[in-house]
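Structural overview for review
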Amino acid sequence: MTQQVLVHRGAEVLAAAAAARLITRIADAQAARGSASVVLTGGRTGIGVLEQVRRSPALDAVDWSAVDVYWGDERFLPSGDPERNETQARQALLDHVELDPNRVHPMAPSDGKFGQDADAAAAHYAEVLAATAAAETDIAVPHFDVLMLGVGEEGHTASLFPETPYVAEESKTVVGVHDCPKPPPTRISLTLPAIRAASEVWLMTTGKAKAEPIAAALGGAKPVDIPAAGATGRERTLWLLDTDAASDLP
Ligand SMILES: O=C(O)[C@H](O)[C@@H](O)[C@H](O)[C@H](O)COP(=O)(O)O
């Protein structure tokens, strides 16, 4: 596994560069195997990248009908809630490209068939992932070409927060997360083993407030203390930062 840190001048440049990188990565995967699989994240940076993809002149370099879309985490809210990662991803990109709806796999809302039971919704998403599990890893998730993540000010990634049982989960692929410090309190999240099954993991963040967790994660912190430190890809881990978020790096 290779790890790289790429520092961009500011948040806008980072989002545009990450968008260009994502389009190229999807196009390369499709050239190699006819389809591509991406895992989306929420948050300002993750959604900003999707908005830049939508605006890209290279948008149609991708056959969007041959892209499988998953989520790394979701805020457990009613369908269509503006705070849901799915809602924001659809507004930013997904509703503007010709995806195959059967290949878009949102995590369940809190007003769906699982009602308010986030643990049942998480267990169902684990079944969705297992249904198209790839042979390349010993964990029941599909082949993920790119799994994108943000990083929180205390080092959380996806909805895995420091010193919680969820960040230490080693057998489940998806968990219901409760009492999250970042609202809403109830979420659904891939676990670190599921994240680590991805071919490439891209951690993308900006701003001075992230400098400390980024330096800790890249400085050898334990995932229980800095969950982003445990988010590595099988082939590649890419840290896409702006100069502020990278400002505590040696
Ligand atoms: O649902 C969420 O909020 C995200 O999945 C979360 O992990 C986010 O990526 C980080 O909190 C960073 O968010 P920002 O990019 O907005 O700082």
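Under an unreviewed UniProt entry, the name given to the protein is 6-phosphogluconolactonase, and the organism recorded is Saccharopolyspora griseoalba. Per UniProt, the comment on the protein under Pathway (unreviewed entry) is "Carbohydrate degradation; pentose phosphate pathway; D-ribulose 5-phosphate from D-glucose 6-phosphate (oxidative stage): step 2/3."

**Focus on the UniProt feature "domain: Glucosamine/galactosamine-6-phosphate isomerase" (unreviewed entry) in the protein**
In the numbering adopted here, UniProt assigns the feature "domain: Glucosamine/galactosamine-6-phosphate isomerase" (unreviewed entry) to residues 11-239. End C-alpha to end C-alpha, residues 11-239 measures 14 Å, and it is 31% helix and 15% strand.

**Thoughts on unusual backbone geometry**
Peptide bonds are, in most cases, trans, and in most cases residues other than glycine have a negative phi. With an omega of 0°, the peptide bond between Pro183 and Pro184 qualifies as cis. Along the polypeptide, Pro184 turns up in the loop between β6 (174-177) and β7 (187-190). Here Glu163, not a glycine, exhibits a phi torsion of approximately 55°, which is positive. Relative to the helices and strands, Glu163 resides in the loop between β5 (146-149) and β6. Of note, the phi angle at Asp179 is positive, near 60°, even though the residue is not glycine. The exposure class of Asp179 is exposed, given its relative accessible area of 69%.

Thresholds applied
- Residues numbered from 1 in each chain as written.
- Predicted model: local features only at pLDDT ≥ 70, side-chain atom pairs only at ≥ 80, totals over all residues.
- Heavy atoms only, no water.
- UniProt positions renumbered as here; feature names shortened; annotations may be inferred.
- Helix = DSSP H or I, 4+ residues; strand = E, 2+ residues; numbered from the N terminus.
- Buried < 20%, exposed > 50% of the residue type's maximum accessible area, 1.4 Å probe, protein only.

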